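Structural description and commentary
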Amino acid sequence: MVEGDAQGVRYLYRPIDLLTIGREGEAVGELLRNARELGFNAFNITHPCKQLVLEHLDSLSDDAARLGAVNTVLIRDGKFHGENTDFSGFARAVTTQLEGATLDRVLQLGAGGAGAAVAYALLSVGVQHLTIIDLDATRAEERAQSLRELFPDREVASGTPDAVAAALENANGLVHCTPVGMHQHPGMPLDRSLLRSNLWVADIVYRPVETELVQAAKAAGCRVLDGGHMAVGQAVDAFRLMTGLEPDAERMRAQFLDMLAKGL
């Protein structure tokens, strides 16, 4: 709401927490329709509804359709339209915060829901060879295969954690998309000795922003993209879609970091 105030826009932004109201993710369609009747005109969608919401939408952006996931819903002429700013938020973070970084070969840890958006973003901004590693070998290969179909001119490989060291040897960048490093799951997703100064490192965990991986990467001399950039990036794009106004990304990041510092 701070960005809205700065732009001279007054709006009501209310959370609809499934746990609080005792509803399952499958209720997302009913909740959207009820909220539309109450005058809401846009929604942010989060876990576990990013795929469940699809059947309740009237249209999708091309990227949301290719990803099979939606995190922003707009009401246009009474119809529900789905967008995905998870991928665009991460893509924006890479292009603005890692400007000039080599994007030839990237290793991604994690093939889950967030990993899908990140992998799509990486290929969208020019990564030529992407290796996706996950504890679940089947999930990693399924993710890689879907991306090979979407980006037939790129190389997309999959693997399990025992392949991390070898995959990182020739990589230009490392992207972390697993829960490791969150407050509830402290630790490092890989051996810190594998980090080197000519490697750029991106983490999508933002609670805390200074994860052990971020700290270790900085200590190793790497260019680092903390998880706050993706979180703010998706919000920047969602704000633009919802209001038609151009947000101030730096102001939104400052507010985001202030909120985290206050435990909000």
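This write-up is about the structure you can find in this document. What you see is a predicted model, and the numbers here were worked out from it, not measured in a lab.

A closer look at the layout of surface pockets
The space that makes up the second largest pocket amounts to roughly 160 Å³. Around the second largest pocket sit Gly89, Arg92, Ala93, Thr96, Gln97, His229, Val232, Gly233, Val236, Ala249, Glu250 and Arg253, which together line it. Every element with two or more residues in the lining of the second largest pocket is listed here: helix H5 (85-97), helix H10 (228-243) and helix H11 (249-261). Examining the composition of the lining of the second largest pocket, we find that five residues originate from one element, H5, more than from any other. Looking at the lining of the second largest pocket, its residues break down into four nonpolar, five polar and three charged.

As for the packing of aromatic side chains
In total, this model carries four aromatic pairs according to the counting rule given. When the ring of Phe40 is compared with that of Phe43, the centres are 6.1 Å apart and the planes differ by 15 degrees; the resulting orientation is stacked. Three or more aromatic residues joined by ring pairs make a cluster, and in this case those are Phe87, Tyr120 and Phe151.

With respect to the sheet that holds strand E1 (residues 42-44)
Taken in spatial order, the four strands make up an open sheet running E1-E3-E4-E2, and their pairing is mixed. If you trace the sheet from one side to the other, it starts and ends with E1 and strand E2 (59-60), each paired once. In terms of strand pairing, strand E3 (residues 72-76) meets strand E4 (residues 79-83) through five bridges, oriented antiparallel. Looking at E4, one finds that Leu74 is bridged to His81. Against the sheet, H10 touches E1, E3 and E4, its axis set at about 5 degrees to E3.

Side note on the environment of Glu26
Residue position: Glu26 is located in the loop between helix H2 (18-21) and helix H3 (28-37). In this structure Glu26 comes out as exposed when scored by relative accessible area, which is 57%. Along the backbone, Glu26 and Leu52 are 26 residues apart, and their C-alpha atoms lie at a distance of 6.4 Å.

Notes on the pairing of strand E6 (residues 129-133)
Most of E6 is tucked away, with five of its five residues classed as buried. Residues of E6 alternate between two faces, with His129, Thr131 and Ile133 on one and Leu130 and Ile132 on the opposite face, all of them buried. As defined by bridge partners, strand E5 (residues 105-109) adjoins E6 across five bridges and the pair is classed as parallel. Looking at E6, one finds that Val106 is bridged to Leu130. Once you follow E5 into helix H6 (residues 113-124) and on to E6, the crossover reads as right-handed. In this structure, E6 lies alongside strand E7 (residues 155-159), joined through five bridges in parallel fashion. Bridge pairing in E7 links Ile132 to Ser158. Between E6 and its parallel partner E7, the chain crosses via helix H7 (residues 137-150), and the hand of that crossover is right-handed.

Conventions and cut-offs
- Residues numbered from 1 in each chain as written.
- Predicted model: local features only at pLDDT ≥ 70, side-chain atom pairs only at ≥ 80, totals over all residues.
- Heavy atoms only, no water.
- 1 Å grid on protein atoms, 1.4 Å probe; cavity = no way out; pocket = protein on both sides within 12 Å on 5 of 7 lines; lining within 4 Å.
- Points joined across faces, edges and corners; volume = space filled by probe spheres on them.
- Helix = DSSP H or I, 4+ residues; strand = E, 2+ residues; numbered from the N terminus.
- Nonpolar A, V, L, I, M, F, W, Y, C, P; charged D, E, K, R; others polar.
- Phe/Tyr/Trp six-rings, centres within 6.5 Å; stacked < 30°, edge-to-face > 60°.
- Pairing = 2+ DSSP bridges.
- Contact = heavy atoms within 4.5 Å.
- Axes fitted to C-alpha atoms, helices over the stretch in contact; angles between N-to-C directions.
- Buried < 20%, exposed > 50% of the residue type's maximum accessible area, 1.4 Å probe, protein only.
- Right-handed = clockwise from strand over helix to strand, strands pointing away.

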